[in-house]
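Chains, contacts and geometry: an overview
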Amino acid sequence: MGFFQFVPARRVVPLVGMAMVMALAGTGGAAGGGGGAAADADAVAHAHAAGSRSARWTEAWGAAVQQPVEGDVDDVPNWSEKGFRQQSVRQVVRVSAGGARVRIRLSNRFGKAPLRVDGAVIARSGGGAQAWPGTTRKLTFRHSGRHSASTVIPAGGEVVGDAVRLSTSPLENLVVTLYFAGSTGPATFHRVGLATSYRATGNHLNDVLAKAYRQSSESSYFLSGVDVSGPFRERRNTVVALGDSATDGVGSTPEAHGRYTDGLAERLVAARRNLGVVNAGIAGSMLLTSSSCFGEKGVTRFRRDVLDRPGARTVIVELGANDVGANWATGRCFPPSHKPVSARRITEGYRALIRAAHGRGIKVIGATLVPLRGYPGYSAKVERLRAEVNHWIRTSGAYDAVVDFDKALADPAHPDRPRPGYVYEDGLHPNDAGYQAIANAVDLSDL
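Residues numbered from 1 in each chain as written. Predicted model: local features only at pLDDT ≥ 70, side-chain atom pairs only at ≥ 80, totals over all residues. Heavy atoms only, no water.

1. Focus on the overall build of the chain
Looking only at helices and strands, one finds eleven helices and 25 strands in the chain. The burial tally for the chain puts 60% of its 447 residues in the buried class. The long-range share in the chain, meaning contacts at least 24 apart out of those at least 6 apart in sequence, stands at 82%. Carbon and sulfur atoms form 50% of the exposed surface of the chain, whose accessible area is close to 16900 Å². (Helix = DSSP H or I, 4+ residues; strand = E, 2+ residues; numbered from the N terminus. Buried < 20%, exposed > 50% of the residue type's maximum accessible area, 1.4 Å probe, protein only. Contact = heavy atoms within 4.5 Å. Areas by Shrake-Rupley, 256 points an atom, 1.4 Å probe, with all protein chains shown as cover.)

The structure is reproduced here in structure tokens:
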């Protein structure tokens, strides 16, 4: 297999941000900064504990939210900067666990003003933007003891909707539709959704047919979670995958549920374990550095994306590849404070996450860093740093368990690069077969 060749494939999103580094080098800094790993994640451990009501729920679908970004970043267009006005937005989600009741979570984490949602419904999917006839349920939100069809989410806030009765099965597609009568402003969203969202002009909340939904996007908007409640055997039933694009699923086939978390959910269903699997990956995400292009650093978003998920029992941590691969990078996606970090600082970040999770009684599985030889900035010093970090993950004993993503993907003849049959056309990210190999490497008994 040859070295990475950058091609303008519209779904290529750099695992380590190096294609963006080359394109944007020397154009200034980004918001946020590196460092402070232990302090950030230790503060997470003191967050308010999940209440008993949350413990009765499992998050069956979730997304890690990001600040709005330009529509041309990585050739993945989105609607986040303009937001919505007098429009309905219909989003398709596949739930990983089943239950008798369902509720949604909406986020205005990166909004600069309160967000008014004028209506919301949920239904079984009829394929594409269609809802299955007779399954639409009106969603409400509780305010001051009353239930309302609309809600206002403060800037930086999140709201959890009221529960509705809708029986769901594991691996079933649902559609969530939101209506915005006024202007939302720039939208809190998740960029690499790999599932189609649709929008229509006007109020089309209750439309069964897809006729009005003429525009589509591969990102998700404001929707941060779908929870189910049912006869779960254990009090905690949510597995969260925290990571970068190797978790987000870049390189997998859109609409085909080819991410490793999808394969893991399918394995759990086959094993008759009704656990929710939440994908909290963000393409380009780093453990120690926040980026205007690739979201908040892992030690900052750990509380929101892991600890505060309902029923969280286990987290799989797959972060650090971007800290290693982009260790010497500059450009507008990186803040002025972004400086090279040592393996020790990266592993201190891991230890901070582990302490925070253990403080909530959450099990932590560490994932080794995948092979990085395949992007333009690869070098011998990058490989040495990756090897040092992987050695710590495998041998330190800090994690409750380890899953070896590196071994699952590596070419036996060239361990610093992916196996040819497991790699996407960009030469770096896994393809569907590669993600399935990662999913198969997870020991279900560790969850």
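Picking up after the structure, the text goes on.
2. Quick word on the environment of Ala 200
Structurally, Ala 200 can be placed in strand E15 (residues 197-201). Linking Ala 200 and Arg 90, residues 110 residues apart in sequence, is a C-alpha distance of 8.4 Å. In contact with Ala 200, other than residues within four places in its own chain, are Gln 86, Gln 87, Ser 88, Ala 212 and Tyr 213.

3. Details of the layout of surface pockets
Taken as a whole, the largest pocket encloses approximately 520 Å³ of empty space. Along the wall of the largest pocket there are 39 residues; nearest its centre are Trp 61, Gly 193, Ala 195, His 257 and Arg 259. Listed by contribution, the elements that provide at least two residues to the lining of the largest pocket are strand E1 (58-62), strand E2 (85-94), strand E5 (119-127), E15, helix H5 (260-270) and strand E20 (276-281). Of the residues belonging to the lining of the largest pocket, the class tally is 15 nonpolar, 19 polar and five charged. (1 Å grid on protein atoms, 1.4 Å probe; cavity = no way out; pocket = protein on both sides within 12 Å on 5 of 7 lines; lining within 4 Å. Points joined across faces, edges and corners; volume = space filled by probe spheres on them. Nonpolar A, V, L, I, M, F, W, Y, C, P; charged D, E, K, R; others polar.)

4. So, the sheet that holds strand E23 (residues 401-403)
As summarised here, the arrangement of the five strands in space is E20-E19-E21-E22-E23, forming an open sheet in which the pairing is parallel. Of all strands in the sheet, those with a lone pairing partner are E20 and E23, marking the two edges. Sheet twist, expressed as the mean angle between neighbouring strand axes with direction ignored, is 20 degrees. Pairing between strand E21 (residues 312-318) and strand E22 (residues 363-367): four bridges, direction parallel. (Pairing = 2+ DSSP bridges. Axes fitted to C-alpha atoms, helices over the stretch in contact; angles between N-to-C directions.)

5. Description of the nonpolar core
The biggest cluster of nonpolar side chains holds 62 residues, and the ones touching the most others in it are Phe 302, Ile 316, Tyr 350, Val 389 and Leu 447. By residue number, the principal contributor to this core is helix H8 (residues 343-359), which donates seven residues. By size, the runner-up hydrophobic cluster in this structure holds 35 residues, among which are Ala 63, Val 95, Ala 120 and Phe 141. (Core = buried A, V, L, I, M, F, W, Y, C linked by side-chain atoms within 4.5 Å.)

6. Considerations on empty space enclosed by the protein
Enumeration according to the criterion identifies two cavities of 30 Å³ or more in this entry. In this structure, the second largest cavity is lined by Met 286, Leu 288, Thr 289, Asp 323, Asn 327, His 338, Lys 339 and Val 341. Of the residues that constitute the lining of the second largest cavity, the class distribution is three nonpolar, three polar and two charged.

7. Here's the deal with the environment of Lys 339
Locating Lys 339 in the fold gives a position in the loop between helix H7 (321-325) and H8. Given a relative accessible area of 53%, Lys 339 falls into the exposed group. Linking Lys 339 and Ala 329, residues ten residues apart in sequence, is a C-alpha distance of 8.4 Å.

8. Topic: the pattern of salt bridges
One pass over the structure, following the stated rule, counts 25 salt bridges. The residue Glu 158 makes a salt bridge to Arg 105 at a minimum N-O spacing of 3.4 Å. Of the two residues, Glu 158 sits in strand E11 (residues 158-160) while Arg 105 sits in strand E3 (residues 99-107), which places them 53 residues apart along the sequence. Looking at Glu 158, the relative accessible area reads 41%, which means it is partly exposed. With a closest N to O distance of 4.0 Å, Asp 416 and Arg 417 form a salt bridge. As far as the burial class goes, Asp 416 and Arg 417 line up, both buried. Within this structure, Glu 59, Arg 103, Arg 105, Arg 109, Glu 158, Asp 227, Glu 296, Arg 301, Arg 304, Asp 305 and Arg 309 form a network of salt bridges that share partners. (Salt bridge = Lys/Arg side-chain N within 4 Å of Asp/Glu carboxyl O.)

9. Let's talk about the confidence of the model for the chain
For the chain, the mean per-residue pLDDT works out to 87, and 86% of the residues sit at or above 70. A low-confidence stretch, residues 37-55 (pLDDT under 50), is modelled with 34 contacts involving residues beyond four sequence positions or located in other chains. (pLDDT = per-residue confidence, 0-100.)

10. Considering the packing of aromatic side chains
This structure, assessed with the given rule, holds eleven aromatic pairs. Aromatic side chains Trp 79 and Tyr 221 sit 5.5 Å apart centroid to centroid with 20 degrees between the ring planes, which places their arrangement in the stacked category. With Trp 79 in the loop between E1 and E2 and Tyr 221 in strand E17 (residues 220-221), this residue pair connects regions lying 142 residues apart in the sequence. Residue Trp 79 is classed as buried on the basis of its relative accessible area of 12%. Residues Tyr 350 and Trp 392 carry aromatic rings whose centres are separated by 5.8 Å and whose planes lie at 25 degrees to one another, so their mutual orientation is stacked. Note that Tyr 350 is positioned in helix H8 and Trp 392 in helix H9 (residues 380-395), a separation of 42 residues in sequence. For Tyr 350, a relative accessible area of 1% gives the class buried. Cation over ring: Arg 199 sits above Trp 79, and NZ or CZ is 4.1 Å from the ring centre. (Phe/Tyr/Trp six-rings, centres within 6.5 Å; stacked < 30°, edge-to-face > 60°. Lys NZ or Arg CZ within 6 Å of the ring centre and 35° of its normal.)

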